[in-house]
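# Structural description and commentary
Below are the chains, spelled out letter by letter.
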Amino acid sequence: MKYINPPGSFCQDELVVEKDKENGLLLLELNPPNPWDSDPRSPEDLAFGEVQVTYLTHACMDLKLGDKRVVFDPWLIGPAFARGWWLLHEPPSDWLERLCQVDLIYISHMHSDHLSYPTLKKLAERRSNIPIYVGNTERPVFWNLNRSGVQLTNIHVVPFGIWQQVDRNLRFMILMDGVHPEMDTCIIVEYKGHKILNTVDCTRPNGGRLPMKVDLMMSDFAGGASGFPMTFSGGKFTEEWKAQFIKTERKKLLNYKARLVKDLQPRIYCPFAGYFVESHPSDKYIKETNIKNDPDELNNLIKKNSDVVTWTPRPGATLDLGRMLKDPTDSKGIIEPPEGTKIYKDSWDFGPYLKILNAAVGDEIFLHASWIKEYFTWAGFKDYNLVVRMIETDEDFNPFPGGYDYLVDFLDLSFPKERPSREHPYEEIRSRVDVIRHVVKNGLLWDDLYIGFQTRLQRDPDIYHHLFWNHFQIKLPLTPPNWKSFLTCYEQSRAEISQG
């Protein structure tokens, strides 16, 4: 019942086995009730202006629901994934005032294009007790809050599939992802019986069981949120192969999203959570090759196959749900931003964020080569037949002068001088020195390296080692390495040697 590629990864759902009257076998698939059907409510008429949805940027929506305000996934300043992703759209200039006035914020998962500490730092300085809601995932969404330095004091972790009542008219329910239940979530918001479904980045939201005919559905659409295949080289990974693969994957994703929308039949669909750009000059190659889906292309595909109304959002644009439900052709149903409003960013403030990363390069930890053993022992991944060569590099992925270049054998967690003679899979990971040292020093997940395009990879044979990557992207310890203790022990041993 296990998938063989990637090895050691996912299991097929087990089916319940029962016997029929003739003692034969019956295969039954469990069909649990949909949690959103508990305590059902009939939709009430909405006044014009009563429910308004305003797009801010990327996956951030500002919902006015009666006299309450809800915001999804505020990433409105700074980069995501260390320095790899930057905002494509210019958020409305009053974004911080908007955030300060909301009644609650939903953050879907821990990826930094949804959980943006630079954004939350600005917010916390003005209103540290703002209510923030997250799902009860295996790895807590805010696992790194204390290290972030962001002072938030009102975080609520809620169970999956249970209505959370905000007021008499408003409630919401957080659901988990079927493929990544340890980290990804999505949400249903219901106001006066009208449902808004936001599946965010979920690969298989709620295991594929979702409410039909919601009033508004929003989901990711763009693709390109992975280091594969742009950061790979060697073997089949020619530029032609990469281009064809990306084109095929984009088309598959478009068709999947269009089919999902057709099956669920929402009244209105909005593609979002894909408006990022690899804008740092060092990532020019990624920007040029990592082509994303066009939201209008998806919306046109949806219109071909269904009667669903579609909305391609622009920063500051507002959809009036009451108007759109009554008459989708109402010219006031969607109010676009004023003429002359800046839609796309044309400059990004790289400096302060790169300065934070660069600060790790000269850290005292890295004066001592024994940091390597200390770090990978802390990481806790071993008993797996894989040898990895880690190379610290400059901006262009050439070896960093004075940087580290070492092997890790994960079978016994040793650090050999050369590759072992036994049969073993091998990966070479080149990482920009500022990002890898920042990640190591702070005990961060490797998403900053991989999804942030801060590595270049080669592997032999060409196999995806799910257990390895899953560990370093999701399962690292919740507390960082104890570098203070490491340095103290190092000084003590030096003192003993000099006295001896």
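Everything numeric here is computed off the predicted structure, so don't read it as measured data.

Definitions and limits used
Residues numbered from 1 in each chain as written. Predicted model: local features only at pLDDT ≥ 70, side-chain atom pairs only at ≥ 80, totals over all residues. Heavy atoms only, no water. Helix = DSSP H or I, 4+ residues; strand = E, 2+ residues; numbered from the N terminus. Buried < 20%, exposed > 50% of the residue type's maximum accessible area, 1.4 Å probe, protein only. Polar contact = N/O pair within 3.5 Å; in protein donor to acceptor, adjacent residues only side chain to side chain. Contact = heavy atoms within 4.5 Å. Phe/Tyr/Trp six-rings, centres within 6.5 Å; stacked < 30°, edge-to-face > 60°. Core = buried A, V, L, I, M, F, W, Y, C linked by side-chain atoms within 4.5 Å. Axes fitted to C-alpha atoms, helices over the stretch in contact; angles between N-to-C directions. Parallel < 35°, antiparallel > 145°, perpendicular 65-115°, else oblique. Left-handed = near helix turned anticlockwise from the far one by under 90°. Nonpolar A, V, L, I, M, F, W, Y, C, P; charged D, E, K, R; others polar.

## Considering the side chain of Ser219
Here Ser219 is to be found in strand β14 (residues 216-219). Its relative accessible area of 0% is what places Ser219 among the buried residues. Within the local environment of Ser219, its side chain forms a polar contact with the side chain of Tyr269, the two groups lying 2.7 Å apart. Other than its neighbours up to four places away in sequence, Ser219 contacts Thr199, Val200, Lys257, Tyr269, Cys270, Pro271 and Phe272.

## Details of the packing of aromatic side chains
The relation between two aromatic rings is expressed through the spacing of the ring centres and the mutual angle of the planes. With the rule as written, the count across this model stands at 39 aromatic pairs. Between Tyr55 and Tyr275 the ring centres are 5.8 Å apart and the planes differ by 70°, which places this aromatic pair in the edge-to-face class. Separated by 220 residues along the polypeptide, Tyr55 in strand β3 (residues 51-57) and Tyr275 in the loop between β15 (268-271) and β16 (276-277) bring together distant segments of the chain. Ring geometry for Tyr133 versus Phe172: centroids 5.2 Å apart, planes at 80°, classification edge-to-face. One end of the pair, Tyr133, is in strand β8 (residues 132-135); the other, Phe172, is in strand β11 (residues 170-176), with 39 residues separating them in the sequence.

## Description of the nonpolar core
Among the nonpolar cores identified, the biggest contains 79 residues, and Phe142, Trp371, Tyr375, Phe376, Trp446, Phe468 and Phe472 are the most heavily contacted of them. Element by element, the count of residues in this core is highest for helix α9 (residues 371-379), at six residues. Apart from residues lying up to four places away in sequence, Tyr375 is in contact with Val439, Val440, Trp446, Phe472, Leu476, Pro481 and Trp483. If you look at the next biggest cluster of nonpolar residues, it comprises 58 residues, including Val51, Met173, Val261 and Ala273.

## So, the packing of helix α4 (residues 239-264) against helix α6 (residues 295-305)
Their axes nearest at 9 Å, the elements α4 and α6 cross at an angle of 45°. Between α4 and α6, the crossing angle belongs to the class labelled oblique. As for how α4 packs across α6, the hand of that crossing is right-handed. Listed contacts from α6 to Arg250, Leu254, Asn255, Lys257, Ala258, Val261 and Lys262 of α4 are Glu297, Leu298, Leu301, Ile302 and Asn305. Its residues assigned to classes, the contact of α4 with α6 shows six nonpolar, two polar and four charged.

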